[in-house]
Every structure is written in C-alpha cells, then in structure tokens.
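# Per-entry structural report
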Amino acid sequence: MATASPATRPFRFSLQAAQAESRREWIELVKRAEDAGFDMIVTADHLEQCLAPLIPLATAAEVSERLRLGIMVLNNDLHHPSLLARDLATLDLLSEGRVEVGIGAGHAKPEYHRAGIPFDPARTRVGRLEEAVLTLRQLLDGETVTFAGEHYVLTDARCEPCPVQPRVPILVGGVGRRVHRIAAQHADAVGFTGLGRAHDDGQRADPARFAARLVDEDVKAVQAAAGDRLSGLELQVLVQAVTVTDDAMGVAESIRRTHLPSLQPSEIIHSPYLMVGERGALVDRLLEHRERWGFSHYTVRREALGQLDPVISQLAGQ
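Here is a short report on the structure shown in this document. These figures come from a predicted structure and were not determined experimentally.

Strand order in the open sheet made by the 9 strands is β3-β2-β1-β13-β10-β9-β8-β5-β4, with parallel pairing throughout. The open sheet has two free edges, formed respectively by β3 (68-71) and β4 (74-75), since each of these has just one partner strand. Note that strand β1 (residues 12-16) and strand β2 (residues 40-43) share 3 bridges and pair parallel. Opposite leucine 15, over in β2, you have isoleucine 41 as the bridge partner.

Residues Asp246, Asp247, Glu278, Asp284 and Glu288 make up a contiguous surface patch of negative charge. Assignment of secondary structure puts aspartate 246 in the loop between β11 (241-244) and α8 (248-258).

Here the focus is the layout of surface pockets. Reported here for the second largest pocket is a volume of approximately 150 Å³. The wall of the second largest pocket is formed by 16 residues, among which Arg12, Glu100, Pro169, Ala189 and Glu234 lie closest to the centre. Residue assignment for the lining of the second largest pocket shows that the elements contributing at least two residues are β3, β5 (101-104) and β8 (170-174). Classifying every residue of the lining of the second largest pocket by side-chain character gives 7 nonpolar, 4 polar and 5 charged.

If you trace the backbone, histidine 79 turns up in the loop between β4 and α3 (81-94). Here the side chain of histidine 79 touches aspartate 45 through a polar contact of 2.8 Å, side chain to side chain.

Reading the values: rules and limits
Residues take numbers from 1 onward in each chain, read along the sequence in its written order. Note on the predicted model: pLDDT of at least 70 is required for a residue's local features to be given, and 80 or more for side-chain atom pairs to be given and counted; whole-chain, interface and lining totals, by contrast, use all residues. Calculated side-chain values reflect all of the structure's heavy atoms, with hydrogen atoms and water omitted. Pairing between two strands requires that DSSP report at least two bridges joining them. Segments assigned H or I by DSSP are reported as helices when at least four residues long, segments assigned E as strands when at least two residues long, and all are numbered from the N terminus. Two joining distances apply to patches: 9 Å for like charges and 5 Å for nonpolar side chains (Val, Leu, Ile, Met, Phe, Trp, Tyr), and every residue must have over 30% relative accessible area and no salt bridge. Using the Shrake-Rupley algorithm and a 1.4 Å probe, accessible areas are obtained, with residue cover drawn only from the displayed protein chains. Counted as salt bridges are all cases of a side-chain nitrogen of Lys or Arg within 4 Å of a carboxyl oxygen of Asp or Glu. The charge count includes Lys and Arg as positive and Asp and Glu as negative, but it does not include His or the ends of the chains. Think of each charge as sitting on NZ of Lys, CZ of Arg, CG of Asp or CD of Glu. Lining residues are those with an atom within 4 Å of a point, where the points come from a 1 Å grid over the protein atoms alone and group into cavities, where a 1.4 Å probe fits but cannot get out, or pockets, open sets with protein on both sides within 12 Å along at least five of seven lines. Grid points are joined across faces, edges and corners, and a volume is the space filled by probe spheres set on the points. In this classification, the charged set is Asp, Glu, Lys and Arg, the nonpolar set is Ala, Val, Leu, Ile, Met, Phe, Trp, Tyr, Cys and Pro, and all remaining amino acids, among them Gly, are polar. Pairing of N or O atoms within 3.5 Å defines a polar contact, subject to two protein rules: one partner must be a possible hydrogen donor and the other a possible acceptor, and residues neighboring in sequence count only if both atoms are side-chain atoms.

As structure tokens, this is what we get:
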C-alpha cells in the first residue's frame, strides 16, 4: 500500500470553471466560489466550449482579493514557454502574487486537427512537455535562459515582467508514468486524474485508474520518482463527479451501470476521483485518502457548488 508524504499538507479545494455566457455570470461564479470557501478558481484549456484560460482569471483577480488563480491544465502544445511565462508573470503581477500554473501534454486529437496543429505521438508530446516545464521554471524564477532541446530553442530568454511570487507554483497533470515522473522531479505539484487513453472524440477518456489498488500503484510510482523532493510536493486530484447523498450505494450503482461497469459500487464510493456520500462520510473519506495517499488538493467542477460547501468549511486549511 502507498503511504502519504512525510509532511501532511493542509487541505485545499479549487473550483474548475471553463464556461460563462457573460461577464456577469463569470463574476457571480467567482463570488460563489469565494463564499463557498474554495481556495482557488481554475480554468481549463480546450478549443471548444471553453473560455480562454488566462483572461477570465484577470477578471477573477478583480472580483476576489482572496482566491488564488490557476489552470487545470494548460495544453502545452498551445503555448510556447517563453510567451507563456510572460503571460503568467503579468497575471501574477496584476493579481498581487496569486497565480498557480497547471500544465499537461495535451490529449484532445480533434482539437489539434481543427486548429491545424500536428497531433504528435504521446512520446513526443510528453517530451515537449518536459522541456517546457524545465524552461518555464527557469523563466518564472527570473533566470536568463539559453536552451537547445529537441523541441525548443531559447537564446538569452528572460521573463518580463517578473512575477510577484518568489516561486510561482507549477503543477504537472495528466496520465501515465512519464508525465507523473516529470511532475515528481521538476514541478511543485502532481495532478492525478485516474484517466487512461482518450477516446476518439478527444473529450472523454477511460476511467482506467479509479480503483484504490491502482491509485496505490500510481502514488507509489510518484513517491519513488520524487525521492527527496517528496515532502515538498502537493498531490492534487481532479474529481470527476460530486454527489452528496444519503443513498451512496444507490448512486454508486447508477454510476457503475452508466459509466464504470468494471468497478463495484463500494470501489466507486472509495475512489478519490469521485465524491459520493453524505457530508460526514465525505469528510472522513478525504481524511483517509490524505493518510493513505497524501492527497490534499481537490479540484471539483461547478456541480459541487452548494453540495460541497460544508465539507470545505470543515476541512479547508486543516
């Protein structure tokens, strides 16, 4: 069984919001997230049915003086690291030091085709991600970067303006051992999704790693890759569905029939990628998951608003 990181981190909760029909709707959403006790609001990075990832965060920074601002996660192939560093540093400056960066290798093949961007094999996309994380870290840290890799070439590159934070946190999220190794060795946080291969539509992926025994394997691999860095890593989970209910087994059985036929209802209830149960049980479960796996940062979607508030109130910062 995997073990938690040596340093138990306080719980954090972020709300992922990718869409809004108007400025007013977005502002109201940010206010609801703040009132509900979320620590951070995060966007997404897709080319369909999704706001651009960084611009809404500038508005959020004006609406809330407390919420941290992030992306879960940027598609690396849509952003050159030297230009991305400038945008992130500018947002960090204007938000007075509240930016966190989530980045991944990209997976939605149809989006690439519609945009005229080559969809390279996973090996190439992940290799490009690793180079981007290395150079982005240096740029955001204020270094002058000269780099000649397989995918990027930078010559005396600098990030101007400089971010306010001495160290802008970088999360690397996605699936697969290589992505998690990059996160464990070079990032500040590791993002877990429990997903596997993307479907042909590019918007769905197999929930291949939801069972607790597979989470054990994934976390153990991250621990081995992190080595001495482990105590400084935050482990984040992207929660795929939240249902606060007194009939956990009934809801889990419904989820099994429609989405997860390979899992038993009890496995669904105990998966970190789903929150199904009454509020007290969810609190106990998140405490158990932190003890077992070290998960302390949970990202949920808009459906959680109004459902998860008491759980957040009890656990945030604890």
